[in-house]
Amino acid sequence: RAFLHRLWKGNVSSRMLAPRLQKAMRDYLRANKHGVRFRGRRAVARSRAELLCQLRARVQLRTLDGTELPFSALGWRRLVPRAPLSQLPLQSLRSCAVVMSAGAILNSSLGEEIDSHDAVLRFNSAPTRGYERDVGSKTTLRIINSQWYKKPDYNLFTPYVQHRQRYPNQPFYILHPKFIWQLWDIIQENTKEKIQPNPPSSGFIGILLMMSLCGEVHVYEYLPSVRQTERCHYHELYYDAACTLGAYHPLLYEKLLVQRLNTGTPGDLHHKGKVVLPGLRMVHC
Ligand code: C5P
């Protein structure tokens, strides 16, 4: 609980995590399985306004459009949806919700509030049926990670091709790796410690995706509320603190960055696990 109070204030470091999670972090740092080298510069004292300007200048929502190698040689241009994600008629979205699948959302009664937004983003296989009171029932977008999409990290492309052929009218995209690694750079630049050299979590990607599309973004149970629990997902009886605090993903650092960006009230953070962020189009630099 002391940790939770410090997280709400943005005043934690990885040294306060359980030894098991600290060891996992060190192992991922050592393994550096993606061969990441950070060439930027760290500047951790940025104000909220400066952070927002940095995001506005550097975050560019991009999806694979099939025009780059190796995809161009494979005829992907005709395979990907004709309109890029950034040009779907989503541009006019005013207020959006990002709903994390955390166990802490159980018994929140946030469903009605979540459904009142113009668009709702959910993750992976997170269900709404049976959980409407706590998570709502509206789903506009989903981020599916490549581990979930018919198994591993590595063969993402074959199932993508099959899915596109089967459901040609569903706007289904692969996020461009440059978008994802650009977010990683921004997290590292604004963090004192060395962060895990692995992609940001889908939660963080989803937040920045919605900040790119919406006027205002309300994020639920990313920064945990008083309901914080080791239960990983609301729809599953599986317990692991790493789901909320990170091991593979630089999740703790993502959350510290999001805490610095929050314009919502402390009451909403503590009781709803809610963070409110301006859309990037609302940021004037
Ligand atoms: O577990 P899954 O990848 O489906 O969750 C989606 C995102 O929600 C994660 O990438 C993470 O950012 C966030 N999450 C969280 N706390 C949890 C579970 C998920 O912050 N307990």
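Please read these numbers as outputs of a predicted model, since none were measured by experiment.

Caption draft 1: Structural detail: the layout of surface pockets. The computed volume of the second largest pocket comes to approximately 750 Å³. What lines the second largest pocket is a set of 30 residues, among which Asn124, Cys232, His233, Cys243 and His249 lie closest to the centre. Going through the elements one at a time, helix H8 (202-213), helix H9 (242-245) and helix H10 (251-261) are the ones with two or more residues in the lining of the second largest pocket. Of the residues forming the lining of the second largest pocket, the biggest block, 3 residues, is contributed by H9. In the lining of the second largest pocket, the residues fall into 13 nonpolar, 13 polar and 4 charged.

Caption draft 2: Spotlight on the site of the ligand. Taken together, 15 residues form the shell around the ligand, and within it Asn124, Ser201, Cys232, His233 and Lys255 come nearest. Cysteine 232 is positioned such that a nitrogen or oxygen atom in its backbone is 3.0 Å from a nitrogen atom of the ligand. In isolation the ligand exposes 450 Å². Once the protein is present, 91% of that is buried. Here the ligand is seated within the second largest pocket. When contributions to the shell around the ligand are tallied by element, the ones reaching two or more residues are H8, H9 and H10. In terms of residue class, the shell around the ligand is built from 7 nonpolar, 7 polar and 1 charged.

So, how was this worked out
- Residues numbered from 1 in each chain as written.
- Predicted model: local features only at pLDDT ≥ 70, side-chain atom pairs only at ≥ 80, totals over all residues.
- Heavy atoms only, no water.
- 1 Å grid on protein atoms, 1.4 Å probe; cavity = no way out; pocket = protein on both sides within 12 Å on 5 of 7 lines; lining within 4 Å.
- Points joined across faces, edges and corners; volume = space filled by probe spheres on them.
- Helix = DSSP H or I, 4+ residues; strand = E, 2+ residues; numbered from the N terminus.
- Nonpolar A, V, L, I, M, F, W, Y, C, P; charged D, E, K, R; others polar.
- Near = heavy atom within 4 Å.
- Polar contact = N/O pair within 3.5 Å; in protein donor to acceptor, adjacent residues only side chain to side chain.
- Areas by Shrake-Rupley, 256 points an atom, 1.4 Å probe, with all protein chains shown as cover.
- Sits in = over half its atoms within 2 Å of the grid points.

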